[in-house]
Amino acid sequence: MVGNTSQTIVVAGGSLAGHTVVAELDRRGFTGEVVWVRGPEGEAPYSRPALSKELIQGKVTPEAIRLPAPEEYRIRLRIVDRAVCARLDPDADRVLVTHETEAGKEPSDGEWLPFDALFVCTGMRARLPEGFAGLPGVHCLRTLADAERIRERLADRPRTVVVGAGLVGSEMAASLRSCGLPVELVVQGLLPMEPVFGAELGRFCLDQHHARGVTTRLGATVTALSAEGPTGPVTLTFDDGGETSADLVVLGLGAVTTCGWLEGCGLDLSDGLGCDEALRTARPNIFAAGDVANWRNPVFGRRMRVEHWSNASAQARHAVESWQAGQEGREAPAFADVPYFWSDQYGLKYQMVGHARGHDEVQVERTGTDGHPFVTYLREGRVVAAAGINAPRAVMRMKARIQTEGMTTQGVYTR
Ligand SMILES: Cc1cc2nc3c(=O)[nH]c(=O)nc-3n(C[C@H](O)[C@H](O)[C@H](O)COP(=O)(O)OP(=O)(O)OC[C@H]3O[C@@H](n4cnc5c(N)ncnc54)[C@H](O)[C@@H]3O)c2cc1C
């Protein structure tokens, strides 16, 4: 049992981080009330990574990717759906919650919720340049609703263009091609996923797309999109004056943190929501977890924000532990973790651990019977990240090694 019956904890955000905070409070036997403001999607939480993989390919239904429902929880839980935390009043420890149906009304029309502790798990939304919004046939992919809108169009066998070759863009190109559709992938740099993986795996990823029949347009930036009527094709114009057209355009232009509602509260919003090593913000009763949280990771001796699935759940559990430590007068522990993510493309599993930004050397080996590249990223001779394809054990060994070395040397980046 933890907390007391008069306490209220507000959890902002209805995806993995928010879901895990609620589950963790339940597991620890929190005796107060939890108010879970789940955001504008109006959906019970689901696995976002499945959207660009199994769901788009029609291998699973939306129901199959739901996270476990909270029906069995013992805590007093109030779920507020289709509602957002619209403003924080940090001096009075309260948040203003507005409902979607109240759009257009003054925020004061919402409900002010007092809290003893607040967990900010509001994540990210897709980056959508102003001129690209609202065009028929042009889609982002962040939510289940986005994925379902794209999926509905696939029955017409559209010619597709995917703009952006990061994790989501590259996966979407692979999934659409795996559905047998013609796909053109627009890559702003010269190799897909290069900013994440570097040149060696970027080249591997490019070869995979080409081998499956994806057309790529390299070194290209889309400067304009225009659509011919509600169902007509979309024309994409590039910075070199070239054009292409498609029936369906998917934008994979990255994501932006959803913390505009915290502006003016005196919290650090320079890149997401700034926290200390224990995931506490400058207000000791306000915590952050997931894509939105920017914290100093002791393994690397630097601040970072991690936009990956396993980080969101691990941080959420940790933020609850930090809160409980405060309740019990213990020192809150640091969240010291090696980031991990995976990506599935054409039946290949890409996995990466660590934090490669700022590396100054790469070592490439060939692994397994397929001879796929396994890349180790170093900085000043120390391993900071590793990535491989269909090599889970080797990748996880490197995760353990980076964790141990980082913790024994006060951060692998501190030298
Ligand atoms: C298509 C896709 C594929 C992905 N694939 C992978 C993968 O293969 N591997 C991997 O590691 N990661 C992957 N990710 C990333 C992973 O999904 C995220 O890291 C994870 O969803 C982060 O969870 P979160 O809860 O922090 O934030 P989010 O998932 O962004 O959720 C934030 C929640 O907050 C709600 N919200 C927003 N504003 C407010 C507000 N003001 N008040 C209340 N609620 C609010 C939102 O509606 C949402 O429910 C993928 C992401 C996408 C979009």
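If you're wondering where the values come from, they're calculated on a predicted model, not measured in any experiment.

So, on to the overall build of the protein chain. Secondary structure summary: the protein chain contains 8 helices and 26 strands in total. Its C-alpha radius of gyration of 22 Å places the protein chain within 12% of the 22 Å reference for a compact globule of 415 residues. If you line up the protein chain on its principal axes, its C-alpha atoms span 60 × 55 × 40 Å. A total of 415 residues make up the protein chain; the buried ones form 54% of that total. Restricting to contacts in the protein chain with at least 6 residues of sequence separation, those with at least 24 account for 62%. When the accessible surface of the protein chain is summed, it comes to about 17,900 Å², and 48% of that surface belongs to carbon and sulfur atoms. Averaging the coordinates of the 44 positive side-chain charges in the protein chain and doing the same for the 52 negative ones gives two points 4 Å apart.

Turning our eyes to something else, we now look at the packing of aromatic side chains. Evaluation of the coordinates by the stated rule reveals 7 aromatic pairs. With 5.7 Å between their ring centres and 20° between their planes, Phe197 and Tyr350 make a pair best called stacked. In this pair, Phe197 sits in helix α5 (residues 194-197) while Tyr350 sits in strand β23 (residues 348-354), placing the two residues 153 residues apart along the sequence. For the pair formed by Phe197 and Tyr350, the shared burial category is buried. Put simply, the rings of Phe197, Phe204, Phe341 and Tyr350 touch in pairs and so form one group of aromatic residues. The lysine or arginine in question, Arg38, covers the ring of Trp36, its NZ or CZ lying 4.9 Å from the ring centre.

Quick look at the site of the ligand now. Near the ligand lie 35 residues; those nearest to it are Ser15, Arg48, Lys53, Arg142 and Asp291. The separation between an oxygen atom of the ligand and a polar main-chain atom of His308 is 3.3 Å. In the model, an oxygen atom of the ligand is placed 2.9 Å from a nitrogen or oxygen of the Trp342 main chain. Of all the elements in the fold, those that place two or more residues in the shell around the ligand are α1 (16-27), α2 (51-55), β4 (83-89), α4 (167-178), α7 (309-327) and β22 (340-345). Looking at which element gives the most residues to the shell around the ligand, the answer is α4, with 3 residues. Broken down by class, the residue content of the shell around the ligand amounts to 17 nonpolar, 10 polar and 8 charged.

Partitioning the protein chain into structural domains gives domain 1 (8-57 + 67-123 + 258-327), domain 2 (128-254) and domain 3 (347-406). At the junction of the two partners, domain 1 supplies 12 residues and domain 2 supplies 13 residues. Taking both sides of the interface into account, the surface hidden between domain 1 and domain 2 amounts to around 1,200 Å²; carbon and sulfur atoms contribute 62%. Of all residues in domain 1, the largest losses of buried area upon contact with domain 2 belong to Ser52, Ile56 and Gln57, amounting jointly to 46% of the total for that side. Taken together, the links from domain 1 to domain 2 amount to 2 salt bridges. A salt bridge links Asp291 to Arg142, with the shortest nitrogen-to-oxygen separation between them at 3.1 Å. Our enumeration of links across domain 1 and domain 2 arrives at 8 residue pairs in polar contact (both at pLDDT 80 or more).

As for its position among the elements, Arg142 is in the loop between β9 (138-140) and α3 (144-154). Of note is the side chain of Arg142, whose polar atom sits 3.3 Å from the backbone oxygen of Met124. Ignoring any residue separated from it by four or fewer positions in sequence, one finds Arg142 in contact with Tyr46, Arg48, Leu51, Met124, Arg125, Ala126, Ala255 and Asp291.

To continue, consider the layout of surface pockets. Where empty space is left in the structure can be found by rolling a water-sized probe over the atoms. By volume, the second largest pocket is sized at about 180 Å³. Taken together, Ala126, Leu128, Phe132, Ala133, Gly134, Leu135, Val138, His139, Cys140, Asp146, Arg149 and Leu251 form the lining of the second largest pocket. Looking at the lining of the second largest pocket, the elements with two or more residues in it are β9 and α3. Of the residues contributing to the lining of the second largest pocket, the split by class is 8 nonpolar, 2 polar and 2 charged.

Two elements in contact, α1 and α7, have axes separated by 8 Å at closest approach and are oriented at 40°. Judged by the inter-axis angle, α1 sits oblique to α7. α7 is crossed by α1, and the crossing has right-handed handedness. Facing Leu16, Ala17, Thr20, Val21, Glu24 and Leu25 of α1, the residues of α7 in contact are Trp309, Ala312, Ser313, Ala316, Arg317, Val320 and Trp323.

What follows concerns the sheet that holds strand β16 (residues 248-251). The 5 strands are arranged β9-β16-β10-β11-β12 in an open sheet whose pairing can be described as parallel. Of all strands in the sheet, those bounded by a partner on one side alone are β9 and β12 (215-218). Neighbour to neighbour, the strand axes of the sheet diverge by 20° on average, direction disregarded. Note: β9 against β16, 3 bridges, orientation parallel. Residue pairing in the sheet places Cys140 in a bridge with Leu251 of β16.

Turning next to the sheet that holds strand β14 (residues 234-238). Judged by pairing direction, the sheet is antiparallel, and its 3 strands sit side by side in the order β13-β14-β15 without closing on themselves. Two strands lie at the open edges of the sheet, namely β13 (222-227) and β15 (243-246), each paired on one side alone. The average angle at which neighbouring strand axes cross in this sheet is 20°, direction not considered. Bridging between β13 and β14 involves 5 bridges; their strand directions are antiparallel. The residue of β14 that forms the bridge with Ala224 is Thr237.

Quick look at the pattern of salt bridges now. Opposite charge on two side chains allows them to pair when their charged atoms are near. Taken as a whole and judged by the stated rule, the model has 25 salt bridges. With a closest N to O distance of 2.4 Å, Arg296 and Glu277 form a salt bridge. Note that Arg296 is positioned in strand β20 (residues 293-297) and Glu277 in the loop between β18 (273-274) and β19 (286-288), a separation of 19 residues in sequence. Where salt bridges share partners, they join Glu24, Arg27, Arg28, Glu321, Glu328 and Arg330 into one cluster.

Calculation rules
Residues numbered from 1 in each chain as written. Predicted model: local features only at pLDDT ≥ 70, side-chain atom pairs only at ≥ 80, totals over all residues. Heavy atoms only, no water. Helix = DSSP H or I, 4+ residues; strand = E, 2+ residues; numbered from the N terminus. Rg over C-alpha atoms; globule rule 2.2 N^0.38 Å. Buried < 20%, exposed > 50% of the residue type's maximum accessible area, 1.4 Å probe, protein only. Contact = heavy atoms within 4.5 Å. Areas by Shrake-Rupley, 256 points an atom, 1.4 Å probe, with all protein chains shown as cover. Lys, Arg positive; Asp, Glu negative; His and termini not counted. Charge placed at Lys NZ, Arg CZ, Asp CG, Glu CD. Phe/Tyr/Trp six-rings, centres within 6.5 Å; stacked < 30°, edge-to-face > 60°. Lys NZ or Arg CZ within 6 Å of the ring centre and 35° of its normal. Near = heavy atom within 4 Å. Polar contact = N/O pair within 3.5 Å; in protein donor to acceptor, adjacent residues only side chain to side chain. Nonpolar A, V, L, I, M, F, W, Y, C, P; charged D, E, K, R; others polar. Domains from an automatic or database assignment. Buried area = accessible area lost by both parts, 1.4 Å probe. Salt bridge = Lys/Arg side-chain N within 4 Å of Asp/Glu carboxyl O. 1 Å grid on protein atoms, 1.4 Å probe; cavity = no way out; pocket = protein on both sides within 12 Å on 5 of 7 lines; lining within 4 Å. Points joined across faces, edges and corners; volume = space filled by probe spheres on them. Axes fitted to C-alpha atoms, helices over the stretch in contact; angles between N-to-C directions. Parallel < 35°, antiparallel > 145°, perpendicular 65-115°, else oblique. Left-handed = near helix turned anticlockwise from the far one by under 90°. Pairing = 2+ DSSP bridges.

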